[in-house]
Amino acid sequence: MSGSRAVRELAGVVLGMALGLVELVFLCVAWPAWLVPAARPAVVRGLDRLMALERARLSGWLGHEVARRDGGYGFLAVRAALGVLGGYLCAAGLFLSGLLLVGGLWDLAWGQAEPVPVNLPGVRIVTSSAMLGLTGGAVLLALVALMTLAVGSLERRLAGHFLGPGSHELMRRRIAELTATRSGIVRAVDDERRRIERDLHDGVQQRGVALAMLLGRARHSADPGATTELVAQAYTESRQLLDELRSVAWRIYPTALDELGLRAALAGVAERSSVPVTVHYGLAGRPVSEVETALYFVAREAITNAIKHAEARDILVVLTEDERAVSVVISDDGTGGADPAGGGLSGLARRVLALDGEFTVRSPAGGPTKIAATLPKTPPGGSPEASEGVTGPSGGGSGPSAGVSGAAPGGPRVGSRGSGAGSSGPGVAASGGSGAEAGSSCG
């Protein structure tokens, strides 16, 4: 620590002693005065002024920027006691060390130092009163400096407990959070690339090889009947290849999410599910693109896990919003036991945290499971205007919806009952770095 900072902390602690005396007097007067209704406004004004002085002292002398503006009587009571005690000890130590140092220098300057024998076990030293005064003053001054740092540290801890962390601590936490989420996003992207590679290798590539083999056999066949049969098989295989390719593309990013919005995209997920999925859509308009995408993948991954791992019989997805945030909650009646550290859920958590959101998983053994994500309407780096004026798709609309109603935004429902969808649907893929799939179709 630099000398200037030590001096500032000492000044802050000494000022804290004087302010602590004022605060003790105020508290002794304020508590009985609060019983008189007419005196309460004056008490509140006095509390506000003392808190303003404390914030200025903490910021200017102790280097602690206060995050919140409240604190109340509890903070003043504890702070006043610490300030008076700590300030008194520091001031007394500083005064005594000054006396010793000045006395020692006076004796040296005027030659009035007297010899002082110091007898220790096996050692006999003869020194002077001036040197003892200078040594004692220096040691006491060092102790005062250490006591000042300790009292200043306690002041900052006390302010952090009652008034919230300082600006430097908030910045440090924010930097650590951004570093963690940045590395998490890089891992999520790598996991997603591996999943796409597995999907292409295990699905599309295998069907492409089978198609090439069928066409090769048909090309070299001398029997017209066998050639016709092989061409028919190749045609069937090409249709399956196109379906598989569309399934992979849908698992990467559904076009309905951009074209029709979150409501229709979730309706598509519900339609492709092999178990009943009910969606309560309570958003008045479309969120911004980053938030909308995160909400979609959270819902899809939770549905995937419920189908594949939890043996759920019914799944409920609820989307709500308030003035600042949008939330999605997915609950199922499965066996529970979902691991938040698993590939899919941890990838979703990284995606949500990168948008300054909150992600929670409650999945006790035996169920039920509830997965929730809350995201700000304005993501980091976005402008408030970006989240306004974006309208959602009209209810009862087109696209892969499963009974999207045109009710008011307070609670429209999207319902799907699995086998009643009437179309073959690809398995629901895990997102956010997971390669798990629902692996079921509604035919």
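Everything here concerns the structure above.
Keep in mind the model is a prediction, meaning the values are calculated, not measured.

Taken together, the side chains of Leu85, Tyr88, Leu89 and Met147 present a nonpolar region at the surface, about 400 Å² in accessible area. It is helix α3 (residues 72–110) that contributes the most residues to the nonpolar patch, three residues altogether. By secondary structure assignment, the location of tyrosine 88 is in helix α3.

A separate point is α3. With 39 residues, α3 should cover 57 Å at 1.5 Å per step; its first-to-last C-alpha distance of 55 Å lies within 8% of that length. With its phi angle positive at about 65°, glycine 111 sits one or two positions after the end of α3.

It is worth spelling out the nonpolar core at this point. Among the nonpolar cores identified, the biggest contains 39 residues, and Leu262, Ile315, Val317, Leu319, Val328 and Phe359 are the most heavily contacted of them. Looking at which element gives the most residues to this core, the answer is helix α9 (residues 289–308), with 11 residues. Discounting chain neighbours no more than four positions away, the residues touching phenylalanine 359 are Val298, Leu345, Leu348, Ala349, Val352, Ile371, Ala372 and Ala373. Grouped together as the second largest cluster of nonpolar side chains are 17 residues, Phe26, Met51, Phe75 and Leu158 included.

Moving on: unusual backbone geometry. Trans is the prevailing form of peptide bonds, just as negative phi is the prevailing case for residues other than glycine. With phi around 60°, aspartate 356 is a residue other than glycine that occupies positive phi space. For aspartate 356, the location among the structural elements is in the loop between α10 (343–354) and β6 (358–362).

Next up on the list: the packing of aromatic side chains. According to the stated counting rule, one finds two aromatic pairs in the structure shown. Summarising the aromatic geometry, the rings of tryptophan 106 and tryptophan 110 are spaced 5.5 Å apart at their centres and angled 40° between planes, so their arrangement reads as tilted. Linking tryptophan 106 with tryptophan 110, this pair stays in helix α3, spanning four residues, or about one helical turn. For tryptophan 110, a relative accessible area of 55% gives the class exposed. Considering the side-chain rings of tyrosine 296 and phenylalanine 297, the 5.3 Å spacing of their centres and the 70° angle between planes classify their relative orientation as edge-to-face. Its relative accessible area of 0% is what places tyrosine 296 among the buried residues.

Parameters and conventions
- Residues numbered from 1 in each chain as written.
- Predicted model: local features only at pLDDT ≥ 70, side-chain atom pairs only at ≥ 80, totals over all residues.
- Heavy atoms only, no water.
- Patch = residues over 30% accessible without salt bridge, like charges linked within 9 Å, V, L, I, M, F, W, Y side chains within 5 Å.
- Areas by Shrake-Rupley, 256 points an atom, 1.4 Å probe, with all protein chains shown as cover.
- Salt bridge = Lys/Arg side-chain N within 4 Å of Asp/Glu carboxyl O.
- Helix = DSSP H or I, 4+ residues; strand = E, 2+ residues; numbered from the N terminus.
- Expected span 1.5 Å × (residues − 1).
- Core = buried A, V, L, I, M, F, W, Y, C linked by side-chain atoms within 4.5 Å.
- Buried < 20%, exposed > 50% of the residue type's maximum accessible area, 1.4 Å probe, protein only.
- Contact = heavy atoms within 4.5 Å.
- Phe/Tyr/Trp six-rings, centres within 6.5 Å; stacked < 30°, edge-to-face > 60°.

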